[in-house]
Amino acid sequence: MRIAIDTLGGDAGPAAAVHGAAAAVLAWPGLAIDLFGPVDQLSVELENLPRRLAAAGSHLSVHHAPGLIRQDQRPSDALRRGGQTSMALMLDHVADNGAAAGVSAGNTGALMALARRALGTVASIPRPAICTAIPTRGDGRCYLLDLGANVDASASRLVDFARMGEVMARHVDGLSSPRVALLNVGSEGTKGSETVREADALLAQMGSMNYTGFVEGDGIFAGSADVVVCDGFVGNAVLKASEGLARMLIERVQATFESHWGSRLVGMLARPALLRLKGELDPVRYNGASLLGLDGIVIKSHGSADATGFSYAVLRAAQEVSRGLPERLAFELGGRH
């Protein structure tokens, strides 16, 4: 399996992408990586891989891409001027079947626009949605979409999100009948906007889907649904708020145990449990959002991801490749667009 990576655009620079790619290679047997970025800079990063990652070096190939899509660059400008950038060349490589998937930590709007041009979409999906998994009670997880690609979404678009999320949960997570819900301000049928109520009526008529109705915000983390659907404005706000809350809780717990000598002693005894809690809540563990609906696999890494976080995004791409996600979407949603 071969995955292409845009090494530019992330806050931590190419080092995080290269080190994260190397860690993913060691975690996924048979994985090979094509790195897109300035050849001189990437060659230096490969030569200076830490000893624990050095064995992955032979599985990493460099492809020269001199240009960078800036974080503040408009998608329209990226489409006109971004042809020789690491992001565009990486996506062209995927479109030409040089790699089975692409990963980038760069500008989300530009990535969406360039990926849609390079790869097209499946079925009648007019615009892909951004989808990621978030942790829920009992070591579970829930797919939340859209996360910002479609700030305003019609009822029919919300239905598209539900269909795509349901396919992902079945084929990537192996759930036989994923519970699908619409995010709303209440569980009553009279609550919410007209668009959400219309989408609810449409989804309720789809006998092929395990649609459970409305879910409120706290129900996401309680594990009340396996797929939660909303427009991109709401989804992005929920995701960023949950990431901030998780980090605050981890910091507060650590600060509490370090406040005086008695609590530090208790903290030493509780250290294994605290480390486990941090691992379960850390947003880094869930890094990697799918651009769902493309006729290909593209994963958006968080721009601030370090090497560990980036490795999770690469492994997410490998998992979707192994499950043949675009082919599943095309088959179940009805052809390519």
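The structure this text deals with has already been given above.
Attention in this report is confined to the structure presented alongside it. (Residues numbered from 1 in each chain as written. Predicted model: local features only at pLDDT ≥ 70, side-chain atom pairs only at ≥ 80, totals over all residues. Heavy atoms only, no water.)

A covalent bond bridging the sulfur atoms of two cysteines is what the word disulfide describes. Under the criterion given, the structure shown has zero disulfides. In this structure Cys230 is a free cysteine whose sulfur lies 9.6 Å from that of Cys142, the closest cysteine sulfur available. (Disulfide = S-S within 2.5 Å.)

Further remarks concern the nonpolar core. Formed by 36 residues in total, the largest nonpolar core has its most connected members in Leu91, Val228 and Val298. Of all the secondary structure elements, the ones that give two or more residues to this core are helix 4 (86-95), helix 5 (108-119), strand 5 (129-136), strand 6 (140-145), strand 7 (180-183) and strand 10 (289-292). Taken domain by domain, this core gets at least three of its residues from each of domain 1 (1-126 + 293-337) and domain 2 (129-283). Each residue touching Leu91, except ones within four places of it in the same chain, is listed here: Leu111, Leu114, Ala115, Ala118 and Val298. (Core = buried A, V, L, I, M, F, W, Y, C linked by side-chain atoms within 4.5 Å. Buried < 20%, exposed > 50% of the residue type's maximum accessible area, 1.4 Å probe, protein only. Helix = DSSP H or I, 4+ residues; strand = E, 2+ residues; numbered from the N terminus. Domains from an automatic or database assignment. Contact = heavy atoms within 4.5 Å.)

Quick look at the sheet that holds strand 11 (residues 297-300) now. Spatially, eleven strands are ordered 3-2-1-4-11-10-5-6-9-7-8 in an open sheet, and the strand pairing comes out mixed. For this open sheet the edge positions go to strand 3 (60-64) and strand 8 (211-215), each flanked by a neighbour on one side alone. Each neighbouring strand pair of the sheet contributes to a mean axis angle of 25°, computed without reference to strand direction. Where strand 7 lies against strand 9 (residues 227-229), three bridges are found, and the strand directions are parallel. Following the sheet pairing, Leu182 is matched in strand 9 by Val229. Against the sheet, helix 11 (residues 307-323) engages strand 1 (2-6), strand 2 (32-37), strand 4 (101-104), strand 6, strand 10 and strand 11, with an angle of about 160° to strand 11. (Pairing = 2+ DSSP bridges. Axes fitted to C-alpha atoms, helices over the stretch in contact; angles between N-to-C directions.)

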